[in-house]
Amino acid sequence: MNDLILHHYAMSPFSEKIRIMLGYAQVNWQSCITREMPPRPLLARLAGGYRKIPVAQIGADIFCDSKIIAAEIAQLAQKPLLAVENLDAEQQAYIAKVDLEIFFASLFVSGTMKLNVKVLKAMSVLDVARFLADRINMGRKAKVRAVNPLKAKEVVKQHIANLEQRLNQDFLFGAQPTHADFSTYHSLWFIHDLAEAPFLQGHPKLLAWMARMNAFGHGMHIQITEQQALQAAAQAEPRVIANEHRQDALIGEKVTIAPADYGCEPTAGILVGVTPERYILARQDPELGILHVHFPRQGYKLKT
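So, a few notes on the structure that sits alongside this text. (Residues numbered from 1 in each chain as written. Predicted model: local features only at pLDDT ≥ 70, side-chain atom pairs only at ≥ 80, totals over all residues. Heavy atoms only, no water.)

1. Points about the overall build of the chain
A tally of regular secondary structure across the chain gives 10 helices and 10 strands. Relative to the compact-globule value of 19 Å for 304 residues, the chain shows a C-alpha radius of gyration of 19 Å, a close match. When contacts within the chain are restricted to residue pairs at least 6 apart in sequence, those whose partners lie at least 24 apart make up 71%. Looking at charge distribution, the chain has the averaged site of its 33 positive side-chain charges lying 7 Å from that of its 29 negative ones. (Helix = DSSP H or I, 4+ residues; strand = E, 2+ residues; numbered from the N terminus. Rg over C-alpha atoms; globule rule 2.2 N^0.38 Å. Contact = heavy atoms within 4.5 Å. Lys, Arg positive; Asp, Glu negative; His and termini not counted. Charge placed at Lys NZ, Arg CZ, Asp CG, Glu CD.)

Shown next as structure tokens:
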């Protein structure tokens, strides 16, 4: 089987969530660096209009959203607790909160000088301006309301206090990490490691947990170019979709699928698969052939 290809950039929190998960799962992967904001013309050939990062790829199958990517890692590594759908209702509700409300609150409190210096080292001044304009525009089009920036510090401090109280074992919900740990990690990584803000000071159990998570690293990976990622898609066929996942009434119809929260640009294609957790679209590229693009059902809207 082809290695998993991760399309990402260094300072992307959700990419870090997946990178550290790959390290924990000990899944070999290929790293394909993309721009911090659209346009991303080569990636757009794979995922259509989908604009969030990261995106993963195995041959001609493209995986959008960290929940779907995590499910693929869970299958590859035989670690079922990495897939959200295998967790109980309490953990699923917790993940939904930290991946949206806590994530945005964490971004709002991370505007430190140290982060600004790192951003300017990684991007040109012009690209920083483009990035800010892109994110402002994305926020205006968002279908959900982020936490009030004036209340973000209070939200983050309460979240951290709750984590410190919860951590009576090595990980948040037991002796081994689940998807909930990785969802929690990426926002705190942005605050603590990138912004170097002092919010975690005075929380020894949380700092020890961060050290355990950091110790997973990013695993064995090699760098590839976007052209090599496209070549991998062109040389592969999408994996076979089981017959029981081809029974939905809309199978064979032209549809669009888009996130329901933010970054709501749609991807168009033919619906070829529906499972309890995901939609699968077929897209045709003149040079790459047929691609299958996988999206979560939860948090996404399908339109005919």
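Back to the write-up after that little detour.
2. What to know about the pattern of salt bridges
Inspection of every chain in the model, using the stated rule, returns 13 salt bridges. The shortest N-O distance in the salt bridge between E196 and K114 comes to 3.4 Å. Remark: K114 occurs in helix α5 (residues 113-122) and E196 occurs in the loop between α8 (179-194) and α9 (204-215); sequence separation between them is 82 residues. Residues D134 and R135 are paired through a salt bridge, measuring 2.5 Å at the closest nitrogen-oxygen approach. The class for D134 is buried, based on a relative accessible area of 15%. Under the relative-accessibility criterion, R135 is labelled partly exposed at 24%. (Salt bridge = Lys/Arg side-chain N within 4 Å of Asp/Glu carboxyl O. Buried < 20%, exposed > 50% of the residue type's maximum accessible area, 1.4 Å probe, protein only.)

3. Quick notes on the side chain of T34
Mapped onto the elements of the fold, T34 is located in the loop between β2 (29-33) and α2 (41-47). Excluding its chain neighbours within four sequence positions, the residues that come into contact with T34 are H7, H8, Y9, R40, L43, I53 and E226.

4. Side note on the sheet that holds strand β8 (residues 278-285)
Hydrogen bonds between backbone atoms are what pair the strands of a sheet, whose relative direction is either parallel or antiparallel. Spatially, β5-β2-β1-β3-β4-β9-β8-β7-β6-β10 is the arrangement adopted by the 10 strands of the open sheet, whose pairing is mixed. The open sheet has two edge strands with one neighbour each: β5 (221-223) and β10 (300-303). Each neighbouring strand pair of the sheet contributes to a mean axis angle of 35 degrees, computed without reference to strand direction. (Pairing = 2+ DSSP bridges. Axes fitted to C-alpha atoms, helices over the stretch in contact; angles between N-to-C directions.)

5. Structural notes on unusual backbone geometry
The step from P38 to P39 runs through a cis peptide bond, and the omega angle for that step is 5 degrees. One can find P39 in the loop between β2 and α2. In the segment running from I53 into P54, the intervening peptide bond is cis, with an omega of 10 degrees. For P54, the position within the fold is in the loop between α2 and β3 (55-58).

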